2 protein chains.
Amino acid sequence: MSVVRLGIIGLGNMGKGHIGYIKRGEVNGVKLTAVSDSAPSGLEWAKEHAGEDVALFSDPYELMDSGLVDGVLIATPHYSHPELAIACFERNLHVLCEKPAGVYTKQVREMNDAAARTDAVFSMMYNQRTNPLYQKLKDLVDSGELGEIRRTNWIITNWYRSQSYYDSGTWRATWAGEGGGVLLNQDPHQLDLWQWTINMMPKRVRAFCYFGKHRNIEVEDDVTAFVEYENGATGVFVTTTGEAPGTNRLEISGDRGKVVIEDNKLTFWRLRVSEPEFNATYKGGFGQPECWKCEIPIQGVNPDHKGITQNWVNAILHGEQLIAPGEEGIKGLMLSNAMLLSTWTDNWVELPIDEELYYEHLQERIKQSTYRKEQ
Amino acid sequence: MSVVRLGIIGLGNMGKGHIGYIKRGEVNGVKLTAVSDSAPSGLEWAKEHAGEDVALFSDPYELMDSGLVDGVLIATPHYSHPELAIACFERNLHVLCEKPAGVYTKQVREMNDAAARTDAVFSMMYNQRTNPLYQKLKDLVDSGELGEIRRTNWIITNWYRSQSYYDSGTWRATWAGEGGGVLLNQDPHQLDLWQWTINMMPKRVRAFCYFGKHRNIEVEDDVTAFVEYENGATGVFVTTTGEAPGTNRLEISGDRGKVVIEDNKLTFWRLRVSEPEFNATYKGGFGQPECWKCEIPIQGVNPDHKGITQNWVNAILHGEQLIAPGEEGIKGLMLSNAMLLSTWTDNWVELPIDEELYYEHLQERIKQSTYRKEQ
């Protein structure tokens with residue numbers, strides 16, 4: 001194979017955006033051959049913008065069965081990601097899936113199981129993993145500069161959404177329509193980066209979610225979560241769509257220093273000797289390890305969606321290592337599921353979570369949801 | 001009365017410091033007339049530094065009964081603050097008490113009750129209430145600039161203490177000796193300012209304290225607390241003595257903007273219209289209220305301990321309003337008691353806390369403490 005023949009399922013804002021950079025030739029080794037959307041308006045748009053040689057389908061399974069595609073980019077509403085991905089894997093089609101991986105981990109685990117049974121290349125559209133800022137943080141962690149992680153703290157409250165945003169679609173911010181709120185719709189990147197940059201998932205979570213606190217919606221729009229990691233580190237994650245101007249500040253403390261990412265800058269407070277070493281030898285009472293405030297250069301721009309798409313294409317064509325393996329999509333989703341479950345049970349949630357229990361709780365809320373898919 | 005005759009009980013670092021600025025004449029209307037300390041070395045020091053006209057007592061009650069003092073500054077170990085203050089109130093002596101007010105709220109409530117039965121002027125040594133930085137924050141809250149408070153977040157992890165600090169006294173960081181760790185010894189100012197600046201105490205607390213996590217000590221040295229306020233606001237408080245270089249960052253969000261205090265600077269992100277007003281009228285989907293980043297000037301220097309002492313003296317002599325009324329010492333202490341109790345019961349703690357329950361839990365830990373006062 002010298003060119004990946006690509007089908008895109010779902011022509012909302014994301015699907016249209018992907019078509020844009022692919023049609024502009026910004027990804028090598030890929031050719032858009034087919035799109036599908038259940039809405040006639042989506043296909044009308046595609047007829048005009050995708051090019052005459054692109055086949056149009058109203059049924060995504062007809063696209064998969066058409067013989068026109070080697071790989072599929074899934075950009076549909078959250079709930080359908082796993083079932084569509086599984087159908088692709090059953091046809092040995094490569095999959096690039098928009099975030100979140102799904103709405104509940106049970107369906108995402110089934111997707112991962114299906115992926116494992118094929119040779120298909122499976123990636124998640126985690127286009128913040130290519131952001132030089134978070135790549136540098138991961139570099140500092142992986143190279144040992146930060147030492148052993150002691151604490152994480154992400155205040156990510158700059159996802160302001162007005163009521164008019166929520167009112168723009170009846171499915172929005174409903175359990176039946178989107179399956180979650182700020183955690184599922186705004187935070188997937190942060191929930192991915194939070195564990196990807198430090199190579200650690202929490203072992204348990206105690207979270208405090210509020211539903212329709214700031215807006216007239218069913219789902220969570222305000223969350224504070226506390227987590228414990230296996231090595232004894234702890235973490236806090238605070239998020240909301242209800243605050244202006246909000247904050248985006250990530251602090252990671254290790255036993256060799258501290259990193260803060262804020263305002264697109266990464267600052268590293270570097271200890272000359274590790275804290276445990278200082279503590280073991282220091283005899284002076286007050287006093288602390290010598291510390292240098294280092295402004296870390298961030299080079300390059302984030303290739304963003306097209307960077308992840310290029311990587312997926314290269315993985316298919318040349319076996320390049322994936323930046324965002326699809327199987328890792330379950331991690332961020334498990335964090336958001338755990339936060340909701342902890343709130344619903346008003347208790348700790350151990351990870352990996354009880355997928356069946358989460359599914360049951362979610363179904364209960366879907367039953368009571370104001371949104372009906374049949375509408 | 002034209003001059004307050006002052007007795008100081010306890011000649012540790014704090015007591016000696018108070019003597020220093022009073023002897024240098026930096027507080028008007030006060031004259032040091034007596035000191036007491038149970039250790040002969042303390043009285044030796046006083047003989048040399050306090051002046052020949054200052055009476056020396058090894059028994060604090062003899063100082064109180066000497067007829068030489070109108071008011072008493074209590075600078076003894078935490079546990080004894082309430083019992084000494086109560087003895088002063090029974091003798092109609094004015095009291096200026098070092099922080100924390102005590103170790104458990106039950107004893108502090110008894111102290112407050114005793115104060116209420118007298119006309120004595122009772123103040124706490126909350127010398128950060130005179131810090132222009134926090135006064136300005138309180139000004140922004142009180143004047144309505146911030147609007148209704150939505151969220152508080154204090155990362156106060158720059159209290160680094162090495163093992164050698166803890167090893168410098170057998171009473172240090174023990175339940176029997178000090179009665180607590182970072183919350184009681186390092187954080188009293190922050191726990192006071194956290195509620196004083198915004199005029200709100202939490203209504204319930206869920207906290208996660210770790211005991212001897214970073215050091216070989218009995219008490220808490222790592223805490224994350226989540227709180228809910230009556231008006232629906234939430235808050236986070238993170239503290240430890242185990243991290244270097246640590247952080248001191250306070251963020252307060254209101255519905256008219258956001259304040260961050262860090263690096264001795266106060267920044268105010270000011271919304272031109274309040275968030276609820278914007279939300280009620282905006283129809284554009286994405287988009288948020290116009291916001292101005294304002295650097296707020298901080299004028300003056302913190303008069304610190306002598307500022308509080310001067311205010312207490314002025315209150316005695318001229319009826320000046322107290323900056324830190326003694327009865328308010330229970331608030332910060334209740335927060336730290338609530339955080340420990342939440343951890344010990346692994347559950348929510350409603351405020352005001354169950355004082356008896358806290359007392360019982362504390363006694364249990366004192367029984368198992370390695371430190372014995374008899375030693």
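Residues numbered from 1 in each chain as written. Chains lettered and ligands numbered in written order. Predicted model: local features only at pLDDT ≥ 70, side-chain atom pairs only at ≥ 80, totals over all residues. Heavy atoms only, no water.

### Overview of the overall build of chain A
A count of helices and strands for chain A gives 13 helices and 15 strands. In terms of overall dimensions, chain A is globule-like: its C-alpha atoms have a radius of gyration of 22 Å, near the 21 Å expected for 375 residues. Counting only C-alpha atoms and orienting by the principal axes, one finds that chain A spans roughly 75 × 50 × 40 Å. The proportion of buried residues among the 375 residues of chain A is 62%. (Helix = DSSP H or I, 4+ residues; strand = E, 2+ residues; numbered from the N terminus. Rg over C-alpha atoms; globule rule 2.2 N^0.38 Å. Buried < 20%, exposed > 50% of the residue type's maximum accessible area, 1.4 Å probe, protein only.)

### Examining the relation of the copies chain A and chain B
For the pair of chain copies, the relating operation is a rotation around an axis with a shift along it. For the pair chain A and chain B, the best superposition has an RMSD of 0.0 Å and corresponds to a rotation of 180° with a translation of 0.0 Å parallel to the axis. Taken together, the rotation and translation describe the operation of a two-fold axis. By residue overlap, the copies meet face to face through one surface: 100% of the interface positions of chain A are interface positions in chain B. (Least-squares fit on C-alpha atoms with pLDDT ≥ 70 in both. Contact = heavy atoms within 4.5 Å.)

### A few points about the domain arrangement of chain A
All names here are of chain A. Under the domain assignment, chain A is made up of domain 1 (4-126 + 304-324) and domain 2 (129-301 + 332-374). On a C-alpha basis, the centroid separation for the pair domain 1 and domain 2 is 27 Å. Residue-level contacts link 17 residues of domain 1 with 24 residues of domain 2. In total, about 1900 Å² of surface goes out of reach between domain 1 and domain 2, with carbon and sulfur atoms giving 61% of it. When the buried area of domain 1 at its contact with domain 2 is split by residue, Tyr79, Thr105 and Tyr126 rank highest and sum to 36% of it. Linking Glu356 and Lys106 is a salt bridge whose minimum nitrogen-to-oxygen distance equals 3.5 Å. The interface formed by domain 1 and domain 2 holds eight residue pairs in polar contact (both at pLDDT 80 or more) in total. (Domains from an automatic or database assignment. Buried area = accessible area lost by both parts, 1.4 Å probe. Salt bridge = Lys/Arg side-chain N within 4 Å of Asp/Glu carboxyl O. Polar contact = N/O pair within 3.5 Å; in protein donor to acceptor, adjacent residues only side chain to side chain.)

### A word on the pattern of salt bridges
Residue and element names in this part refer to chain A. Inspection of the entire model under this criterion finds 50 salt bridges over all chains. A salt bridge links Arg270 to Glu145, with the nearest nitrogen and oxygen atoms 3.8 Å apart. Within this pair, whereas Arg270 is found in strand β13 (residues 265-271), its partner Glu145 is found in the loop between α6 (132-142) and β7 (149-156), the two being separated by 125 residues in sequence. For Glu251, the salt bridge is made with Arg249, and the minimal N-O distance between the two is 2.8 Å. Pair check on accessibility: Glu251 and Arg249 agree, each one buried.

### Side note on the interface of chain A and chain B
Facing 55 residues of chain A, the contacting portion of chain B comprises 55 residues. Taken over both partners, the interface formed by chain A and chain B buries close to 4400 Å², and the fraction arising from carbon and sulfur atoms is 50%. Area buried by chain A at its contact with chain B is led by A:Arg151, A:Tyr160 and A:Pro245, which between them contribute 14% of it. The tally of links from chain A across to chain B stands at eight salt bridges. Where B:Glu262 meets A:Arg249, a salt bridge forms, and the shortest distance between an N and an O atom there is 3.8 Å. Where chain A meets chain B, there are 32 residue pairs in polar contact (both at pLDDT 80 or more).

### Topic: the UniProt feature "domain: Gfo/Idh/MocA-like oxidoreductase N-terminal" (unreviewed entry) in chain A
Here the UniProt feature "domain: Gfo/Idh/MocA-like oxidoreductase N-terminal" (unreviewed entry) sits at residues 5-124 of chain A. Measuring from the first to the last C-alpha atom of residues 5-124 of chain A gives 18 Å, for a span that is 41% helix and 22% strand. (UniProt positions renumbered as here; feature names shortened; annotations may be inferred.)

### Let's talk about the UniProt feature "domain: GFO/IDH/MocA-like oxidoreductase" (unreviewed entry) in chain A
Under the feature "domain: GFO/IDH/MocA-like oxidoreductase" (unreviewed entry), the UniProt entry names residues 134-259 of chain A. The distance from the first to the last C-alpha atom of residues 134-259 of chain A is 11 Å, and the span holds 21% helix and 36% strand.

### Comments concerning the pairing of strand β2 (residues 30-36) of chain B
Residues and elements named next belong to chain B. With six of seven residues buried, β2 is to be regarded as a mostly interior element. Sheet topology note: the strand β1 (residues 4-9)/β2 ladder contains six bridges and is parallel. Its bridge partner being in β2, Ile9 is matched across the sheet by Ser36. Taking the sense of rotation as the criterion, the β-α-β connection linking β1, helix α1 (residues 13-23) and β2 turns out right-handed. Handedness of the β2-helix α2 (residues 40-49)-strand β3 (residues 55-57) crossover: right-handed. (Pairing = 2+ DSSP bridges. Right-handed = clockwise from strand over helix to strand, strands pointing away.)

### As for the packing of helix α4 (residues 81-90) of chain A against helix α5 (residues 105-116) of chain A
All names here are of chain A. Packing of α4 against α5 brings their axes to within 9 Å, and their N-to-C directions diverge by 15°. Taken together, α4 and α5 sit at an angle that is classed as roughly parallel. For the pair α4 and α5, the crossing hand works out as left-handed. Here α4 contributes His81, Pro82, Ala85, Ile86 and Phe89 to the contact with α5, which in turn contributes Gln107, Val108, Glu110, Met111, Ala114 and Ala115. (Axes fitted to C-alpha atoms, helices over the stretch in contact; angles between N-to-C directions. Parallel < 35°, antiparallel > 145°, perpendicular 65-115°, else oblique. Left-handed = near helix turned anticlockwise from the far one by under 90°.)

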